[in-house]
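Each chain, letter by letter, is given below.
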Amino acid sequence: MDARPWQEQLIALYCLICREYAEHLWMHAERQSPFRTYRFTDEEALSVYLFGLLRHPGASIREVHTFARDFLGEFFPHLPSYSAFDHRLGLLSGALQAFCEALLESLPPPPEGGAAHLLDSMPVVLAQGVRAHHARVAAEVADVGYCASKKTFYWGVKLHALCQYLAGTLPRPERLWVSAASISDLTLAKSYTADLPAGELYADKLYQDQTWKDDLERDRHLTLHTPVRRSRGAPPLDAADRLYSRAVCHVRQAIETFFSWLDRTRHIQNASRVRSAAGLCVHLFGRLALALLTLVANP
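For clarity, every value in this text was computed on a predicted model and none was experimentally measured. (Residues numbered from 1 in each chain as written. Predicted model: local features only at pLDDT ≥ 70, side-chain atom pairs only at ≥ 80, totals over all residues. Heavy atoms only, no water.)

Things to note about the overall build of the protein chain
Piece 1. Along its length, the protein chain carries 9 helices and 6 strands.
Piece 2. Relative to its length of 299 residues, the protein chain is compact, with a C-alpha radius of gyration of 21 Å against a globular reference of 19 Å.
Piece 3. Going through the 299 residues of the protein chain one by one, you find that 47% of them count as buried.
Piece 4. In the protein chain, once contacts between residues fewer than 6 apart in sequence are set aside, the share between residues at least 24 apart is 65%.
Piece 5. Carbon and sulfur atoms make up 54% of the accessible area of the protein chain, which amounts to about 15300 Å² in all.
Piece 6. In the protein chain, which carries 32 positive and 32 negative side-chain charges, the distance between the mean positions of the two groups comes to 8 Å. (Helix = DSSP H or I, 4+ residues; strand = E, 2+ residues; numbered from the N terminus. Rg over C-alpha atoms; globule rule 2.2 N^0.38 Å. Buried < 20%, exposed > 50% of the residue type's maximum accessible area, 1.4 Å probe, protein only. Contact = heavy atoms within 4.5 Å. Areas by Shrake-Rupley, 256 points an atom, 1.4 Å probe, with all protein chains shown as cover. Lys, Arg positive; Asp, Glu negative; His and termini not counted. Charge placed at Lys NZ, Arg CZ, Asp CG, Glu CD.)

What follows is the structure, given as structure tokens:
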């Protein structure tokens with residue numbers, strides 16, 4: 001997140017989590033007993049996990065626990081066994097999600113008026129190829145979908161993002177949501193963009209819908225831009241359509257860069273070591289939280 005010594009980073013992260021937990025995260029933490037207290041607190045569990053991912057972005061929960069046991073014993077003397085730590089994180093998956101929502105709201109506000117928005121999704125893969133049709137991990141939230149860019153079926157979920165375009169830097173995420181892999185991007189986009197202000201909305205070909213486009217223009221003065229789709233058997237696109245599609249793709253490149261940055265720095269797309277729905281939430285929202293912390297610290 002910054003160039004400070006790791007001890008200072010850990011303390012700053014712990015203080016931030018303590019403040020957020022006291023304000024609202026406690027409402028989202030599951031409890032086996034409402035009056036039970038722990039020597040190893042929820043705030044410590046969240047801090048250990050997030051700091052472990054900060055130091056080792058691709059680490060599993062077991063690897064984070066091993067790192068904390070070997071190097072953070074001075075800070076967390078009551079660190080429990082791996083199984084207890086893993087179970088506690090599962091109970092805190094809702095708190096991680098709420099933490100992401102709070103960080104999203106704390107990003108610098110967008111400039112007023114005429115904003116250009118970007119809309120897209122990326123797969124989060126638990127299993128792919130032949131294994132996709134036999135997987136049952138996190139079946140409460142995941143199912144089989146098709147990734148057109150990789151031309152393969154996968155078992156997992158999709159991470160959707162609505163971002164504001166900012167010239168020369170990563171776009172500013174405004175809304176992030178997760179869906180099962182099979183759910184249509186267009187169907188979700190219609191509900192999650194229902195209150196967008198007037199401006200421009202750039203999206204992929206998957207979001208083409210003339211009726212929706214006309215409604216956006218008429219009701220909210222929001223112009224939807226997607227690359228021109230060439231129908232099967234139709235003649236090649238003319239020069240105007242090719243130029244328009246190229247211009248739309250040039251703007252859309254920003255959200256693709258955002259997803260690429262998110263996966264490259266936080267290893268969010270590969271969830272093959274996840275074994276439960278709660279574990280999938282921990283994987284997703286833990287990595288999203290660190291990415292959002294980076295954006296908050298470097299607006």
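Quick look at the pairing of strand β5 (residues 199-202)
Piece 1. Pairing of strand β1 (residues 115-128) with β5 involves 4 bridges; the strand directions are parallel. What sits directly across from Ala-115, in β5, is Gly-199.
Piece 2. Across 4 bridges, the pairing between β5 and strand β6 (residues 222-225) is parallel. Its bridge partner being in β6, Tyr-202 is matched across the sheet by His-225.
Piece 3. Read from β5 through helix α7 (residues 210-220) to β6, the crossover connection turns out right-handed. (Pairing = 2+ DSSP bridges. Right-handed = clockwise from strand over helix to strand, strands pointing away.)

Some thoughts on unusual backbone geometry
Piece 1. You will see that Ala-138, though not glycine, has its phi angle at about 55 degrees, which is positive.
Piece 2. On the secondary structure map, Ala-138 appears in the loop between β1 and β2 (143-147).
Piece 3. Here the phi dihedral of His-267 falls at roughly 50 degrees; this positive angle occurs in a residue that is not glycine.

Some points on the side chain of His-160
Piece 1. Here His-160 shows up in strand β3 (residues 152-164).
Piece 2. A polar atom in the side chain of His-160 sits 2.8 Å from the side chain of Ser-179.
Piece 3. In this structure His-160 touches Asp-120, Ser-121, Arg-175, Leu-176, Trp-177, Val-178, Ser-179, Asp-185 and Leu-188, once residues within four positions along its chain are discounted. (Polar contact = N/O pair within 3.5 Å; in protein donor to acceptor, adjacent residues only side chain to side chain.)

So, the nonpolar core
Piece 1. In this structure, Tyr-49, Leu-50, Phe-85, Phe-99, Leu-159, Leu-262 and Leu-280 are the most contacted members of the largest nonpolar core, which totals 74 residues.
Piece 2. No other element matches the 12 residues that helix α9 (residues 277-297) contributes to this core.
Piece 3. Counting residues in hydrophobic clusters, the runner-up holds 14 residues, among them Leu-201, Ala-203, Tyr-207 and Leu-222. (Core = buried A, V, L, I, M, F, W, Y, C linked by side-chain atoms within 4.5 Å.)

Thoughts on the layout of surface pockets
Piece 1. By volume, the largest pocket amounts to about 720 Å³.
Piece 2. For the largest pocket, the lining is made up of 26 residues, of which Ser-121, Ala-148, Ser-149, Asp-204 and Leu-206 are closest to its centre.
Piece 3. Of all the secondary structure elements, the ones that give two or more residues to the lining of the largest pocket are β1, β2, β3, α6 (185-192) and α8 (239-266).
Piece 4. Approximately 500 Å³ is the volume found for the second largest pocket.
Piece 5. Lining the second largest pocket are 24 residues; nearest its centre among them are Ser-60, Ile-61, Arg-273, Val-274 and Arg-275.
Piece 6. When contributions to the lining of the second largest pocket are tallied by element, the ones reaching two or more residues are α3 (61-71), α4 (82-91) and α9.
Piece 7. Grouping the constituent residues of the lining of the second largest pocket by class yields 9 nonpolar, 10 polar and 5 charged. (1 Å grid on protein atoms, 1.4 Å probe; cavity = no way out; pocket = protein on both sides within 12 Å on 5 of 7 lines; lining within 4 Å. Points joined across faces, edges and corners; volume = space filled by probe spheres on them. Nonpolar A, V, L, I, M, F, W, Y, C, P; charged D, E, K, R; others polar.)

A closer look at the packing of helix α2 (residues 42-55) against α4
Piece 1. Running from N to C, α2 and α4 cross one another at 100 degrees; their axes reach a closest spacing of 10 Å. The angle between the axes of α2 and α4 places the two elements in the roughly perpendicular class. Where α2 approaches α4, its residues Asp-42, Ala-45, Val-48 and Tyr-49 are matched on the opposing element by Phe-85, Arg-88 and Leu-89.
Piece 2. In the contact of α2 with α4, the residues fall into 5 nonpolar, no polar and 2 charged. (Axes fitted to C-alpha atoms, helices over the stretch in contact; angles between N-to-C directions. Parallel < 35°, antiparallel > 145°, perpendicular 65-115°, else oblique.)

A word on the pattern of salt bridges
Piece 1. Within this structure, the stated rule accounts for 11 salt bridges.
Piece 2. As a salt-bridge pair, Arg-88 and Asp-42 come within 3.0 Å of each other at their nearest N and O atoms. Pair noted here: Arg-88 is in helix α4 and Asp-42 is in helix α2, with a separation of 46 residues, a long-range link. Pair check on accessibility: Arg-88 and Asp-42 agree, each one buried.
Piece 3. Here the salt bridges do not stand alone but share partners, grouping Asp-120, Arg-252 and Glu-256 into one network. (Salt bridge = Lys/Arg side-chain N within 4 Å of Asp/Glu carboxyl O.)

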